[in-house]
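So the chains spell out like this:
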Amino acid sequence: MALDLEEQEQLDALKQFWKQYGTLIIILAFLALATFAGVKGWNYYQRGQSEQASVLFGKLEEAVRKNDIAQTGSLGAEIIDKYGSTAYGPMAALLLAKTSHDNGDPAGAATRLLWAIDKARDDETAALARLRLAGIRLDEKKYDEALALLDAKHSQAFAPLYSDLRGDVLAAQGKPAEARAAYKQALEKSLPNSNYRNVVQIKLDALGPAK
């Protein structure tokens, strides 16, 4: 009997617990399931977005190779508008910027590059966009802006290119000693058998001997 009474008391306590907290527990469980389903659904959606963007990006690359300006602009804009949040958005912006620059529209190229820098999901894409934008600022004689872009953090893979372009900017500013140091740094950071070293060496030699 004592056991039955104890069991009854436990049952009554359980009933009281569910009466007080049952609804809350059910709601929390529902929210947890909904969150899990939402995360799974979002990941699935993101994968789908990336796959669709990948197909369009392949077509964009083909249009760029063919120098089909109209098709390049159309495909690039579609990727940015529909899939700008994926990694392909900034990559498309880079291609659009190249096409704009090659066809005499540096302002349009700069706009695309600024967007790519802001939206890039990886450091490499952002670094490449900054490098190209710094080149445009050099052509525009906006030397301080170019140097500010080249001061941004970048990986070692970009170090020779950044130092080389820094040398170009400093040389254009009439600062041969600083330009010479930048070119030497580009040589130090480039691969020993790279043909790129020859280009940098020519620039360095053109500055003449250090005074």
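Everything here concerns the structure above.
All values derive from a computational prediction rather than experimental measurement.

Caption draft 1: The overall build of the chain, seen in detail. A tally of helices and strands in the chain yields nine helices and zero strands. A total of 211 residues make up the chain; the buried ones form 32% of that total. Within the chain, contacts between residues at least 6 apart in sequence are counted, and of these 46% link residues at least 24 apart. Summed over all atoms, the accessible surface of the chain reaches about 13,400 Å², with 57% contributed by carbon and sulfur.

Caption draft 2: Looking closely at the side chain of Thr86. By secondary structure assignment, the location of Thr86 is in the loop between helix 2 (69-83) and helix 3 (88-102). There is a polar contact of 2.7 Å between the side chain of Thr86 and the backbone oxygen of Tyr83.

Caption draft 3: Molecular detail of the side chain of Ser163. By secondary structure assignment, the location of Ser163 is in helix 7 (residues 159-172). A distance of 3.1 Å separates polar atoms of two side chains, one belonging to Ser163 and the other to Gln185. Other than its neighbours up to four places away in sequence, Ser163 contacts Ala182, Gln185 and Ala186.

Caption draft 4: The nonpolar core, seen in detail. If you look at the biggest cluster of nonpolar residues, it comprises 44 residues, and the most contacted ones within it are Leu60, Leu113, Leu150 and Val169. Apart from the residues lying within four places of it in its own chain, the contact partners of Val169 are Leu138, Tyr143, Ala146, Leu147 and Leu150.

Caption draft 5: Molecular detail of the environment of Val200. With respect to the helices and strands, the residue Val200 is situated in helix 9 (residues 196-206). Overall, the relative accessible area of 0% leaves Val200 in the buried class. Sequence spacing of Val200 and Leu187 is 13 residues, and the spatial spacing of their C-alpha atoms is 6.9 Å. Beyond its immediate chain neighbours, meaning those up to four positions away, Val200 contacts Asp164, Tyr183, Ala186 and Leu187.

Caption draft 6: Looking closely at the packing of aromatic side chains. Scanning the model with the defined rule gives two aromatic pairs in all. Centre to centre, the rings of Phe57 and Tyr88 are 5.6 Å apart; their planes meet at 50°, and the pair counts as tilted. One end of the pair, Phe57, is in helix 1 (residues 2-65); the other, Tyr88, is in helix 3, with 31 residues separating them in the sequence. Judged by relative accessible area, Tyr88 falls into the partly exposed class, the value being 22%. Ring geometry for Phe158 against Tyr162: centres 6.4 Å apart, planes inclined by 80°, an arrangement best described as edge-to-face. According to the relative accessible area criterion, Phe158 is buried, its value standing at 13%. Taking the relative accessible area as the measure of exposure, Tyr162 reaches 2% and is therefore buried.

Caption draft 7: Geometry of helix 8 (residues 176-189). Taking 1.5 Å of rise per residue, 14 residues should cover 20 Å, and helix 8 covers 20 Å from first to last C-alpha, within 8% of that figure. Taken together, the buried positions of helix 8 are Ala179, Arg180, Ala182, Tyr183, Ala186 and Leu187. Each buried residue of helix 8 lies within a common arc of 165° when the element is viewed along its axis, so the set occupies one face. Set apart from the buried face of helix 8 by more than 90 degrees, the exposed residues are Ala177 and Glu188. If you follow the buried residues of helix 8, they end up packed against helix 7 and helix 9.

Conventions used here
- Residues numbered from 1 in each chain as written.
- Predicted model: local features only at pLDDT ≥ 70, side-chain atom pairs only at ≥ 80, totals over all residues.
- Heavy atoms only, no water.
- Helix = DSSP H or I, 4+ residues; strand = E, 2+ residues; numbered from the N terminus.
- Buried < 20%, exposed > 50% of the residue type's maximum accessible area, 1.4 Å probe, protein only.
- Contact = heavy atoms within 4.5 Å.
- Areas by Shrake-Rupley, 256 points an atom, 1.4 Å probe, with all protein chains shown as cover.
- Polar contact = N/O pair within 3.5 Å; in protein donor to acceptor, adjacent residues only side chain to side chain.
- Core = buried A, V, L, I, M, F, W, Y, C linked by side-chain atoms within 4.5 Å.
- Phe/Tyr/Trp six-rings, centres within 6.5 Å; stacked < 30°, edge-to-face > 60°.
- Expected span 1.5 Å × (residues − 1).
- Arc of directions from axis to C-beta.

None of the figures reported here should be taken as evidence of function without further support.
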